[in-house]
Every structure is written in C-alpha cells, then in structure tokens.
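Residue-level listing of the chains:
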Amino acid sequence: MSKLFLDALNGKKTDRPPFWLMRQAGRYLPEYREVRKNAKNFLNFCYTPDLAVEVTLQPLRRYGMDAAILFSDILVIPDGLGQSVEFREGEGPVLEPIRSLAGIESLDKNRLLDHLSPVFETLGRLSKEIPAETALIGFAGAPWTVAVYMVEGRGGTDCGTARSWAYRQPEEFQALIDLLVESTAAYLIEQIAHGAEAIQLFDSWSGVLSESQFHRWVVEPNKAIVRRVKEKYPAVPVIGFPRQAGLMYETFIRETGVDAVSLDSNVPLEEAKALQKICTVQGNLDNQALVAGGAALETETIRILEALGEGPFVFNLGHGILPHTPPEHVAWLADAIKGSAAGSS
Ligand code: 1CP
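So, a few notes on the structure that sits alongside this text. Worth saying up front: this structure is predicted, and the values here are computed from it rather than measured. (Residues numbered from 1 in each chain as written. Predicted model: local features only at pLDDT ≥ 70, side-chain atom pairs only at ≥ 80, totals over all residues. Heavy atoms only, no water.)

### Regarding the overall build of the protein
Right, so step 1: Counting its secondary structure elements, the protein contains 17 helices and nine strands.
Right, so step 2: In summary, the protein has a C-alpha radius of gyration of 19 Å against a globular reference of 20 Å for 345 residues, a match within 12%.
Right, so step 3: The principal-axis extents of the C-alpha atoms in the protein amount to approximately 60 × 45 × 40 Å.
Right, so step 4: In the protein, which comprises 345 residues, the share counted as buried stands at 57%.
Right, so step 5: Put simply, the protein shows about 14300 Å² of open surface, and 48% of that area lies on carbon and sulfur atoms. (Helix = DSSP H or I, 4+ residues; strand = E, 2+ residues; numbered from the N terminus. Rg over C-alpha atoms; globule rule 2.2 N^0.38 Å. Buried < 20%, exposed > 50% of the residue type's maximum accessible area, 1.4 Å probe, protein only. Areas by Shrake-Rupley, 256 points an atom, 1.4 Å probe, with all protein chains shown as cover.)

Okay, here's the thing in structure tokens:
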C-alpha cells in the first residue's frame with residue numbers, strides 16, 4: 001500500500017498534504033501525562049518499549065496523523081556514549097559538560113548500539129502495530145545540536161561555550177563532531193533495520209552559527225550522515241531540519257542531499273514555495289497559532305495550505321508542539337488538513 005507521507009517525501013504531489021506534528025506525543029495530551037506520572041526517570045521511560053510504543057500511538061488514535069515518530073529523545077546518544085545525562089522536572093536536561101579532548105576521549109562508542117537496543121525493539125513493535133497507511137519516522141539530533149547539549153550541559157543557553165570552543169580549538173571540536181557523525185549514522189542505520197521508513201535529523205540550534213561555522217558544523221556533518229545512511233539504504237528518505245537557518249536553507253538542501261527540509265515558522269511562504277522546487281518541504285505552522293486556536297489558527301493554516309498545498313509538501317509545525325496546547329485545537333487542525341484534498345472546498 002502506498003503511504004501518503006512517503007509519497008510526498010519521494011517528491012510526489014499528493015491529493016492532500018500528509019501531516020504529523022513535531023512532539024506530537026507529549027505533555028499536551030492527558031493520556032501522556034498519565035503514563036509519565038508513573039515513569040519518573042525520562043530516559044528509562046524512553047528505554048521501556050511498552051511505554052514508548054504506547055505514547056507513540058496516543059496521538060495517532062486521536063488525530064490519525066500520516067506518520068508516527070518514534071518516542072525517544074536526541075540526548076540518548078550522549079547517554080549511550082557514557083556521558084551523564086539527567087532530565088530534571090521543570091528544568092529539562094542536565095549533562096555533565098564535556099569541555100576538553102580528555103572529555104571527548106572518555107566517551108565510548110562501542111557501547112552505543114547495545115545501550116540503545118530498547119529503542120530498536122520499540123521500532124520493531126511499532127512497525128507491526130501502526131495502521132497500514134501510516135509511516136514510521138526514526139530520528140536523531142544532528143551533531144552540532146547534540147554537541148551543544150554535551151558541551152553546555154543544559155538547554156536554554158546561547159550556545160556560547162560550544163561556539164567559542166569550535167573557534168578556538170577547531171581540531172578538538174572536530175573530534176567531537178566526527179564521533180557524533182559516526183555514532184549517529186550507525187544509530188540511524190540500525191533504526192531503519194528495525195522498521196523506520198524515513199529519518200529526520202533535528203539541528204535545532206543551527207541558527208546561531210555564522211556562515212563559515214554553519215558550513216563546517218551543520219552542512220558537513222548532516223551531509224556525511226546522509227551519505228552513510230544512503231550507502232546502506234538508498235531508498236529511505238531523510239528530512240533535514242536546520243532550524244532558523246534563514247538564508248542558509250537553500251545551501252543546506254543543495255549540499256547535504258536531504259530528500260526534504262523542515263522549515264521553521266520564520267521562513268516566508270514565498271521562500272518556502274521556491275525551496276519546494278528543489279525538494280519536498282515540511283512545515284511551518286507557528287506553534288503559538290496552534291495554542292491560540294480560533295481565527296488565528298484558521299488564517300495561518302489556510303495561508304500555508306494555499307501556498308504549499310500542491311506539493312510536494314508535508315504539513316507540520318515550525319517547531320515542537322507546546323505543552324499548554326489545547327488538544328481540541330489539534331483536532332481542528334487535523335480535520336482542516338484532511339479536508340483540504342485538491343478539488344474539495
Ligand atoms: O515529559 C516530559 O516532561 C519530557 C518532555 C520531552 C518529550 C516529550 C522531552 C524532554 N523530550 C521529548 C520527546 C522528544 N524529543 C521527541 C519525541 C517524538 C515526538 O516528536 O513526539 C523528539 C523528536 C524530541 C527531540 C528533541 N529533544 C529535540 C529536537 C527538536 C526540538 O524540539 O528542537 C531537542 C532539542 C530535545 C531536547 C529536549 N528534550 C526534552 C526537553 C525539555 C528538551 C529541550 C531542552 C531545551 O530547551 O533545550
């Protein structure tokens with residue numbers, strides 16, 4: 001059976017745009033909060049296939065998205081490499097920061113895939129449990145974004161420690177990025193072997209870099225991972241997400257070889273339309289419009305569908321769904337997209 005989401009990623013124009021939402025599993029859903037209440041340790045939650053399968057399926061049951069995304073986190077890679085990673089309530093992730101070559105050398109890539117085997121089990125089970133028309137997305141953080149967390153030790157910074165290290169000691173920083181390229185490619189290849197049908201690489205902090213640094217730490221590592229994954233699985237589409245890359249989006253698409261690009265909400269729709277001529281685009285509803293609902297949500301949704309709906313296009317947000325998003329606004333959005341088939345009014 002052909003899957004709408006995979007058709008769009010393969011550059012086909014579809015009768016209506018397929019959709020899924022970044023962070024579609026999460027705290028805005030009461031049934032997620034219920035599961036999370038009994039799973040205090042977030043990483044253990046990610047490594048428990050029964051729970052990870054259940055919360056991956058929750059948004060599909062309500063809204064029938066065209067794709068399921070594996071429930072996990074980008075920080076399972078540093079955890080799998082042996083860095084200390086903890087998720088604290090109300091604070092987000094906290095890591096023991098790595099700021100020297102010795103720190104990089106203390107990481108052990110040989111334990112990674114064994115450590116992450118529960119994730120592969122989750123994918124194997126999901127590929128059997130999701131509806132036949134739904135695609136399964138695997139993912140990882142891209143090296144720059146994961147390195148930012150590894151070096152800064154937490155989120156919510158201006159990435160200054162990582163940016164400064166990358167300028168002062170580029171060979172050292174390169175060693176960290178190289179380790180992440182290798183680990184991430186191996187991890188994604190294993191995800192595909194266990195049932196992932198498409199891959200998204202999240203480079204959430206790519207927007208803080210200058211042109212030269214963007215090229216070295218975002219374009220080159222994403223390109224290297226795409227090449228390795230495609231060597232093994234040429235037919236599996238890869239979505240790049242160099243968030244807030246602005247004028248660098250086009251270079252990113254042309255140089256990395258991604259099949260699709262996820263656009264943040266700052267990208268003008270005219271520009272998104274131009275990018276659609278070189279690859280499938282995904283995005284880019286403002287997550288605050290989804291919180292607001294009503295006329296604001298309707299206007300924004302229609303603008304996007306009118307500009308990009310002819311495809312190849314995947315409807316999504318510009319960044320993850322916010323925890324205080326009313327579930328009924330998501331229901332309205334799902335209906336609006338499903339009702340937007342070419343020719344229907
Ligand atoms: O229940 C909770 O309190 C945990 C909240 C949560 C969730 C639901 C975190 C902590 N991670 C996740 C799941 C997650 N993370 C998914 C699952 C699939 C889905 O989309 O439904 C995915 C794809 C991610 C990816 C992720 N984690 C990114 C990249 C995308 C983005 O939002 O930019 C990043 C940057 C993270 C780090 C992270 N994990 C969790 C938090 C609170 C953060 C952000 C911390 C910060 O502000 O820097």
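There's plenty left to go through after this.
### Some words on the pattern of salt bridges
Right, so step 1: Per the counting criterion, the structure on display carries 14 salt bridges.
Right, so step 2: Connected via shared salt-bridge partners are Asp50, Glu121 and Arg125. (Salt bridge = Lys/Arg side-chain N within 4 Å of Asp/Glu carboxyl O.)

### Points about the side chain of Ser262
Right, so step 1: Within the fold, Ser262 resides in strand β7 (residues 260-262).
Right, so step 2: The class for Ser262 is buried, based on a relative accessible area of 0%.
Right, so step 3: Within polar-contact distance, the side chain of Ser262 engages the side chain of Gln282 at 2.9 Å. (Polar contact = N/O pair within 3.5 Å; in protein donor to acceptor, adjacent residues only side chain to side chain.)

### Re the nonpolar core
Right, so step 1: Ranked by size, the top nonpolar core spans 125 residues in total, and within it Phe5, Trp20, Phe173 and Leu176 carry the most contacts.
Right, so step 2: Not counting residues up to four positions away in its chain, the partners in contact with Phe5 are Pro18, Trp20, Asp66, Ala67, Ala135, Ile137, Ala198, Ile239, Gln282 and Val314. (Core = buried A, V, L, I, M, F, W, Y, C linked by side-chain atoms within 4.5 Å. Contact = heavy atoms within 4.5 Å.)

### Some remarks on helix α11 (residues 170-193)
Right, so step 1: Given a rise of 1.5 Å per residue, 24 residues ought to cover 34 Å, and the 34 Å separating the end C-alpha atoms of α11 matches this to within 8%.
Right, so step 2: Phi for Gly195, located one or two positions after α11, is positive at around 125°. (Expected span 1.5 Å × (residues − 1).)

### Some thoughts on helix α13 (residues 249-256)
Given 3.6 residues per helical turn, the α-helix brings residues three or four places apart onto the same face.
Right, so step 1: Tyr249, Phe252, Ile253 and Thr256 are the residues of α13 that are buried. The buried residues of α13 all sit within an arc of 95° when viewed along its axis, so they share a single face.
Right, so step 2: Looking one or two residues past α13, Gly257 carries a phi angle of roughly 80°, positive in sign. (Arc of directions from axis to C-beta.)

### Some remarks on the site of the ligand
Right, so step 1: The local shell around the ligand holds 24 residues, among which Arg23, Tyr32, Arg36, Tyr149 and Ser204 are the closest.
Right, so step 2: Arg23 places a main-chain nitrogen or oxygen 2.6 Å from an oxygen atom of the ligand.
Right, so step 3: For the ligand, an oxygen atom lies 3.2 Å from a polar atom in the backbone of Gln24.
Right, so step 4: Contact with the protein chains covers 87% of the free accessible surface of the ligand, which is 900 Å².
Right, so step 5: Here the ligand occupies the largest pocket. (Near = heavy atom within 4 Å. 1 Å grid on protein atoms, 1.4 Å probe; cavity = no way out; pocket = protein on both sides within 12 Å on 5 of 7 lines; lining within 4 Å. Sits in = over half its atoms within 2 Å of the grid points.)

### Examining the pairing of strand β6 (residues 238-242)
One face of the sheet, then the other: side chains in a regular strand alternate in exactly this way.
Right, so step 1: For β6, the tally of buried residues reaches five of five residues, placing the bulk of the element in the interior.
Right, so step 2: Across the two faces of β6 the burial is the same, with Val238, Gly240 and Pro242 and Ile239 and Phe241 all buried.
Right, so step 3: Pairing analysis gives five bridges linking strand β5 (residues 198-203) to β6, with the strands arranged parallel. Residue Ile199 lies in a different strand from β6, and its bridge partner there is Val238.
Right, so step 4: Tracing the backbone out of β5, into helix α12 (residues 211-232) and back to the parallel element β6 gives a crossover that is right-handed. (Pairing = 2+ DSSP bridges. Right-handed = clockwise from strand over helix to strand, strands pointing away.)

### Description of the packing of aromatic side chains
Right, so step 1: Under the definition given, this model contains 13 aromatic pairs.
Right, so step 2: Taking 5.9 Å as the distance between ring centres and 45° as the angle between the ring planes, the aromatic pair formed by Tyr32 and Phe45 counts as tilted. Taken as a pair, Tyr32 in helix α2 (residues 30-37) and Phe45 in helix α3 (residues 42-46) lie far apart in primary sequence, 13 residues in all. Phe45 carries the same exposure label as Tyr32, and that label is buried.
Right, so step 3: Joined through ring pairs, the aromatic side chains of Tyr32, Phe42, Phe45, Phe71 and Phe87 make up one cluster.
Right, so step 4: Directly above the aromatic system of Trp205 lies the positively charged group of Arg243, at a separation of 5.0 Å from the ring centroid. (Phe/Tyr/Trp six-rings, centres within 6.5 Å; stacked < 30°, edge-to-face > 60°. Lys NZ or Arg CZ within 6 Å of the ring centre and 35° of its normal.)

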